[in-house]
Each structure stands twice: as structure tokens, then as C-alpha cells.
Amino acid sequence: GPVADAVVAAAAGGHCSGMWIGESQPDKEFEQDVPTNPIRWALSLCCGAAVSAFGAGYFDDAADVPGEPVLLFALRGSLESDGAV
């Protein structure tokens, strides 16, 4: 898929960024109580940098958290030369 393609491109010595739009589905044991939330997140992969995997995103309909319509998150990690993130 698109994330795997980005990892391969960046691990080959390049830089790849993208925006992913989808849904965050709850674990099966919680699907009756927790809604499926639309999600958007951006990820940049850059092989060889100190922090080589970074990004951010949000769930724009987190109805399962009272009083909090948006949950924001940050992504930070590393991309290894073998493609592991």
C-alpha cells in the first residue's frame, strides 16, 4: 500500500512525504461502544536523519471523548536502512 511504498522509497536514500486519509476502527471487542473515527495524518520519511520518521494528525470525530471533538497526535521515530520504522 501507500505507506509501504513510502518506506521503500525513503529507505532507498530518498525523502518521501504524504497525507493519509482514512478511518480509525476500534478493536472488535470495543466496536459496539466506540465509533469509527475519520482520521487524517501526514508522515515524512527521510533516511539518514536523526529523526527520520515524523508527522502529525488528528481524529476529526472523536465522539468517544466527551467535550473533545478533535484528538491531535504527533509521530516521531526512525526509519532504518532495511525499511523498518
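Structural notes, computed from the coordinates. (Residues numbered from 1 in each chain as written. Predicted model: local features only at pLDDT ≥ 70, side-chain atom pairs only at ≥ 80, totals over all residues. Heavy atoms only, no water.)

As a further point, take the sheet that holds strand 2 (residues 37-46). If you walk across this open sheet you meet the four strands as 1-2-3-4, and the pairing is antiparallel. Both outer strands of the open sheet, strand 1 (15-24) and strand 4 (71-77), are each paired with one neighbouring strand and no more. On average, each strand axis in the sheet is inclined to that of its neighbour by 15°, with strand direction left out of account. In this sheet, strand 2 lies alongside strand 1 in antiparallel orientation, the contact comprising ten bridges. Bridging across to strand 2, His15 finds its partner in Cys46. (Pairing = 2+ DSSP bridges. Helix = DSSP H or I, 4+ residues; strand = E, 2+ residues; numbered from the N terminus. Axes fitted to C-alpha atoms, helices over the stretch in contact; angles between N-to-C directions.)

With that out of the way, let us pick up the environment of Glu80. Along the chain, the position of Glu80 falls in the segment after strand 4. Under the relative-accessibility criterion, Glu80 is labelled partly exposed at 40%. Through-space distance from the C-alpha of Glu80 to that of Cys46 is 9.8 Å; in sequence the pair is 34 residues apart. (Buried < 20%, exposed > 50% of the residue type's maximum accessible area, 1.4 Å probe, protein only.)

Attention shifts here to the pairing of strand 2. Examined bridge by bridge, strand 2 and strand 3 (residues 53-59) share seven bridges and lie antiparallel to one another. When the sheet's bridge partners are listed, Trp41 is paired in strand 3 with Gly57.

Attention now moves to a nonpolar patch on the surface. On the surface, a nonpolar cluster with roughly 280 Å² of combined accessible area is contributed by Tyr58, Val70 and Leu72. Counting through the fold element by element, Tyr58 comes out in strand 3. Classification of Tyr58 as partly exposed rests on a relative accessible area of 31%. (Patch = residues over 30% accessible without salt bridge, like charges linked within 9 Å, V, L, I, M, F, W, Y side chains within 5 Å. Areas by Shrake-Rupley, 256 points an atom, 1.4 Å probe, with all protein chains shown as cover. Salt bridge = Lys/Arg side-chain N within 4 Å of Asp/Glu carboxyl O.)

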